[in-house]
There are 2 protein chains.
Amino acid sequence: MPFPKRRLMTPGPTQTPQSARLAMARELINHRTDEFRALIAEAIEGLKYVFRTANDVMILSSSGSGAMEAAVVNAAPRGGKVVVLESGKFAERWRRIAEAFGIEVVRCELPWGQAFAPEQVAELLKRHPDAAAVFATLMETSTGVGHDIAGIGRVVGQTPALFVVDGISGVGVMECRTDEWGIDILVVGAQKALMTPPGLAFAAISAKAWRQIESFRPPAFYFDLSAYRKAAALGDTPYTPAIPLVLALVESLRLIRQAGIENIWARGRLLAEAVRSGVAALGFRLVAERPAEGMTAAHPPAGVDAKLFLRRLEARFGVKLAGGQGPLKDRIVRIAHFGQIDEFDILGLLAAMELVLVELGQKVKLGSAVAEAQRVLSASAARGDG
Amino acid sequence: MPFPKRRLMTPGPTQTPQSARLAMARELINHRTDEFRALIAEAIEGLKYVFRTANDVMILSSSGSGAMEAAVVNAAPRGGKVVVLESGKFAERWRRIAEAFGIEVVRCELPWGQAFAPEQVAELLKRHPDAAAVFATLMETSTGVGHDIAGIGRVVGQTPALFVVDGISGVGVMECRTDEWGIDILVVGAQKALMTPPGLAFAAISAKAWRQIESFRPPAFYFDLSAYRKAAALGDTPYTPAIPLVLALVESLRLIRQAGIENIWARGRLLAEAVRSGVAALGFRLVAERPAEGMTAAHPPAGVDAKLFLRRLEARFGVKLAGGQGPLKDRIVRIAHFGQIDEFDILGLLAAMELVLVELGQKVKLGSAVAEAQRVLSASAARGDG
């Protein structure tokens, strides 16, 4: 190809709107100014809108893992006990952070790809009534599972434990009603469905969580949420924020508000269905027993090497998908369908996947995956969705 | 003014070169790629060049305070003992971080504005031979003091203690020879003399420091330096980095290497001298007994309200300087002269300061501060410096 184009379709980082990228090219302003405080305030209003919350929202200059650490160290003291619902790499991260800070972890493990039932969590909390918090994951990016956060939230809400949810990649594409579902600490990343470059993360904190946070002194400085709360009272962040990323976030949130969060959720469901239909037609098998709506993880058909497939897709069409992690390394492909990724991208991707499979010697009926996805999209259009 | 221009002259964040800002407007690339790894490698080579070190350099996606936390929690275990040389707001931060993590702090305090003598530190280490580390500050941004890091380094180097230096605002404008001066952990911020937007920080770590870091398990996850070291062996960062800021950093470092770090240090000394001569002619008194070369902090002449002065300077000329912090709040002005700030900016600033003072009712000989600075600059040009 004489003029190669790139098509970033990994589940983070993701494509960023032009207005957000251009905002970063502006001359820097100082952050201790009314001008910047107004931008922070707008960003926080936008995040509350997306998170469906009236709780406090804090902006952290770190990756999503930093916000996870903030949630862990502020939710439970050293020597305290927490429950981690673990069924993938990112849930495992909840546990590893807790262990690094000397917090006792009640492990609740399922094989990667499976989803927790609220009853399981109820049972666990009966056995561990002293658990300070339950840690869950909205969209497990390593497997593409969408967990039943609403259902688990109902269970945890009846106990003194905090309900802490990793919404890093899921929030902004999957339905997530923070207040209605009883999420006490929600952590979200910038570089996924919020269409902002990496380097910012967010935490929404309920009144119940604040009471627990203030009941002990956490081993924390940069991630001490009380310091963020104190600074937020003045419209500030406690440390110098990543200013250009905040400018980008404001732009992306403007686009999200214009589109409407419920429309974005509906579109996530539609694109997910289209992708699942398409890849199924090509013989891919989903990793997730309860698939999420912002991404799809799938095993390629027998005889196709996932790594080779991904490399060829990128070399041939500039499409960058993600591979597997941990035990799924080099065994699966992961496709994002959130943010700026749209119907055109999905149709093109499926057509490109068909060609690459053929070129790798697979028997594929050309157009078959595209046709499956088209049927999904046109049925939706006929119903007047979106 | 019909077309207002901004002139950011705060000691961080600072003006960013156009090439760095435009690099951030590029479409995002994924970080787990050879393309991004090459950029990380180039950034690390550039940082080593600026820091004058062959030690490992890690890139953290956080503010400078995050890198300070990394230095503290990895240098000393909970219950360990450290010495903090405290004479300003940022040195105080070393202590507050250590306290947050249950590390015993031997406080060595001087009034703000004063500088530590190496002999004082030698004396302290004799009394506390079990100190795991000594924490110092190259350029104390709250007071404009430049501490004698070379001298203190010689003292600490004769003991088992690590020498940890906050070079967040000083490195890249003040001479700092990490290896020659025996700095075991140097932390640096992006948004000061490195002319990169805030959101990245750096840590250079000696072999002596690694041995200590690996001797215990720190209460750390996001700031666990061993995780950074492990990822760095593969050319990676352990968590998703702030990609656009890394692109900006690469561009700024290219400009710094082109200019040559010794030339940049010489220019820092020159601009500092010009600013000090100029503000002295206006009746300002320096805060620092040992002034730094990247910024100047000064009390305005009697009868001039610092806050009013700064507000008017900004309204009238678009010049943003910083005010004081802590006990110096609303009492001083702080002027950065690092990064892109040049002779023209300094001359214009002094002229603007003269006019603002006159408009505030002060008796000022117009042109007097400018003339003092001009004499410094032209003497330097006559000597053939720079």
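Residues numbered from 1 in each chain as written. Chains lettered and ligands numbered in written order. Predicted model: local features only at pLDDT ≥ 70, side-chain atom pairs only at ≥ 80, totals over all residues. Heavy atoms only, no water.

Focus: the overall build of chain A
Then, in step 1: Looking only at helices and strands, chain A features 13 helices and 14 strands.
Then, in step 2: Once the C-alpha set of chain A is aligned to its principal axes, its extents read approximately 60 × 55 × 40 Å.
Then, in step 3: Evaluated residue by residue, chain A yields a buried proportion of 64% over its 386 residues.
Then, in step 4: Taken as two groups, the 45 positive and 40 negative side-chain charges of chain A have centres that lie 4 Å from each other. (Helix = DSSP H or I, 4+ residues; strand = E, 2+ residues; numbered from the N terminus. Buried < 20%, exposed > 50% of the residue type's maximum accessible area, 1.4 Å probe, protein only. Lys, Arg positive; Asp, Glu negative; His and termini not counted. Charge placed at Lys NZ, Arg CZ, Asp CG, Glu CD.)

Re the packing of aromatic side chains
All names here are of chain B.
Then, in step 1: Under the criterion given, the structure shown has 15 aromatic pairs over all chains.
Then, in step 2: A centroid spacing of 4.7 Å and a plane angle of 50 degrees characterise the contact between Trp94 and Phe135, whose relative ring orientation is tilted. With Trp94 in helix α4 (residues 89–100) and Phe135 in strand β5 (residues 133–137), this residue pair connects regions lying 41 residues apart in the sequence.
Then, in step 3: The exposure class of Trp94 is buried, given its relative accessible area of 0%.
Then, in step 4: Residue class for Phe135 comes out buried when judged on its relative accessible area of 1%. (Phe/Tyr/Trp six-rings, centres within 6.5 Å; stacked < 30°, edge-to-face > 60°.)

Brief notes about the sheet that holds strand β14 (residues 333–336) of chain A
Backbone-to-backbone hydrogen bonds pair the strands of a sheet. The strands run either parallel or antiparallel.
Residue and element names in this part refer to chain A.
Then, in step 1: In spatial order, the strands read β11-β12-β14; together these three strands make up an open sheet with antiparallel pairing. The open sheet has two edge strands with one neighbour each: β11 (285–286) and β14.
Then, in step 2: Relative to β14, strand β12 (residues 295–299) is paired through four bridges, and the arrangement is antiparallel. Paired with Thr296 across the strands is Ile335, a residue of β14. (Pairing = 2+ DSSP bridges.)

A word on helix α10 (residues 261–281) of chain A
Residues and elements named next belong to chain A.
Then, in step 1: Compared with the 30 Å implied by 1.5 Å per residue over 21 residues, the 30 Å span of α10 between its first and last C-alpha is a close match.
Then, in step 2: By the burial criterion, the buried members of α10 are Ile261, Ile264, Trp265, Gly268, Leu270, Leu271, Ala272, Ala274, Val275, Ser277, Gly278 and Val279.
Then, in step 3: The elements touched by buried residues of α10 are α2 (34–51), α9 (243–259), β12, β14, α12 (343–359) and α13 (368–383).
Then, in step 4: Of the residues one or two after α10, Gly283 is the one with positive phi, at around 90 degrees. (Expected span 1.5 Å × (residues − 1). Contact = heavy atoms within 4.5 Å.)

Here we look at the packing of α10 of chain A against α13 of chain A
When two helices pack together, their arrangement is given by the angle between the helix axes and the distance between those axes.
Residues and elements named next belong to chain A.
Then, in step 1: Interhelical geometry of α10 versus α13 gives an angle of 155 degrees and a closest axis separation of 7 Å. Taken together, α10 and α13 sit at an angle that is classed as roughly antiparallel. Crossing of α10 against α13: the hand is right-handed. For the pair α10 and α13, the contacting residues are Leu270, Glu273, Ala274, Ser277, Gly278 and Ala281 in the first and Ser368, Ala369, Glu372, Ala373, Val376, Leu377 and Ser380 in the second.
Then, in step 2: When grouped by side-chain class, the residues that make up the contact of α10 with α13 number seven nonpolar, four polar and two charged. (Axes fitted to C-alpha atoms, helices over the stretch in contact; angles between N-to-C directions. Parallel < 35°, antiparallel > 145°, perpendicular 65-115°, else oblique. Left-handed = near helix turned anticlockwise from the far one by under 90°. Nonpolar A, V, L, I, M, F, W, Y, C, P; charged D, E, K, R; others polar.)

Points about the packing of helix α2 (residues 34–51) of chain B against helix α9 (residues 243–259) of chain B
Residue and element names in this part refer to chain B.
Then, in step 1: Running from amino to carboxyl end, α2 crosses α9 at an angle of 45 degrees, the nearest separation of the two axes being 9 Å. With respect to their mutual orientation, α2 and α9 come out oblique. Here α2 and α9 pass one another in a crossing that is left-handed. Only Ile243, Val246, Leu247, Leu249, Val250, Leu253, Arg254, Ile256 and Arg257 of α9 make contact with α2, whose side of the interface consists of Phe36, Leu39, Ile40, Glu42, Ala43, Glu45, Gly46, Leu47, Tyr49 and Val50.

Notes on the confidence of the model for chain A
Then, in step 1: Within chain A, residue pLDDT values average 97, and 99% of them lie at 70 or more.
Then, in step 2: As scored by the predictor, the complex reaches a pTM of 0.96 and an ipTM of 0.95. (pLDDT = per-residue confidence, 0-100.)

Description of the relation of the copies chain A and chain B
Then, in step 1: Superposition of chain A onto chain B requires a rotation of 180 degrees combined with a translation of 0.0 Å along the rotation axis, giving an RMSD of 0.0 Å. Put plainly, the chains are arranged around a two-fold axis. (Least-squares fit on C-alpha atoms with pLDDT ≥ 70 in both.)

A few points about the interface of chain A and chain B
Then, in step 1: Taken together, the contact between chain A and chain B spans 52 residues of the former and 52 residues of the latter.
Then, in step 2: Here chain A and chain B share an interface that buries about 4,100 Å² over both sides, 64% of which is from carbon and sulfur atoms.
Then, in step 3: Counting the surface chain A buries against chain B, the share from its top three residues, Arg6, Leu28 and Phe221 of chain A, is 16%.
Then, in step 4: Seen at the junction of chain A and chain B, the total is two salt bridges.
Then, in step 5: Linking Glu35 of chain B and Arg6 of chain A is a salt bridge whose minimum nitrogen-to-oxygen distance equals 2.6 Å. (Buried area = accessible area lost by both parts, 1.4 Å probe. Salt bridge = Lys/Arg side-chain N within 4 Å of Asp/Glu carboxyl O.)

Notes on the side chain of Asn55 of chain A
Then, in step 1: Within the secondary structure layout, Asn55 of chain A lies in the loop between α2 and β2 (56–60).
Then, in step 2: Note on Asn55 of chain A: relative accessible area 14%, which makes it buried.

Concerning the sheet that holds β5 of chain B
Residue and element names in this part refer to chain B.
Then, in step 1: Strand order in the open sheet formed by seven strands is β2-β10-β9-β8-β5-β3-β4, with mixed pairing between adjacent strands. The open sheet is flanked by β2 (56–60) and β4 (104–109), the only strands paired with a single partner. Within this sheet the neighbouring strands show an average axis-to-axis angle of 20 degrees, counted without direction.
Then, in step 2: Pairing geometry for strand β8 (residues 162–166) and strand β9 (residues 185–189), over three bridges, is parallel.

Re helix α8 (residues 225–232) of chain A
All names here are of chain A.
Then, in step 1: Within the sequence span of α8, burial applies to Leu225, Tyr228 and Ala231. All buried residues of α8 fall inside an arc of 120 degrees around its axis, so they share one side.
Then, in step 2: Each element contacted by the buried residues of α8 is listed here: β2, α3 (64–75), β10 (201–205) and α7 (207–213).
Then, in step 3: For α8, the capping residue at the N-terminal end is Asp224, with a side-chain oxygen 3.1 Å from the backbone nitrogen of Ser226. (Arc of directions from axis to C-beta. Polar contact = N/O pair within 3.5 Å; in protein donor to acceptor, adjacent residues only side chain to side chain.)

Thoughts on the environment of Val370 of chain B
Residue and element names in this part refer to chain B.
Then, in step 1: Of note, Val370 is situated in helix α13 (residues 368–383).
Then, in step 2: With relative accessibility at 13%, the residue Val370 sits in the buried group.
Then, in step 3: Remark: the alpha-carbon pair of Val370 and Ala352, spanning 18 residues in sequence, is separated by 9.6 Å.
Then, in step 4: Apart from the residues within four sequence positions on either side, Val370 is in contact with Leu347, Leu350, Ala351 and Glu354.

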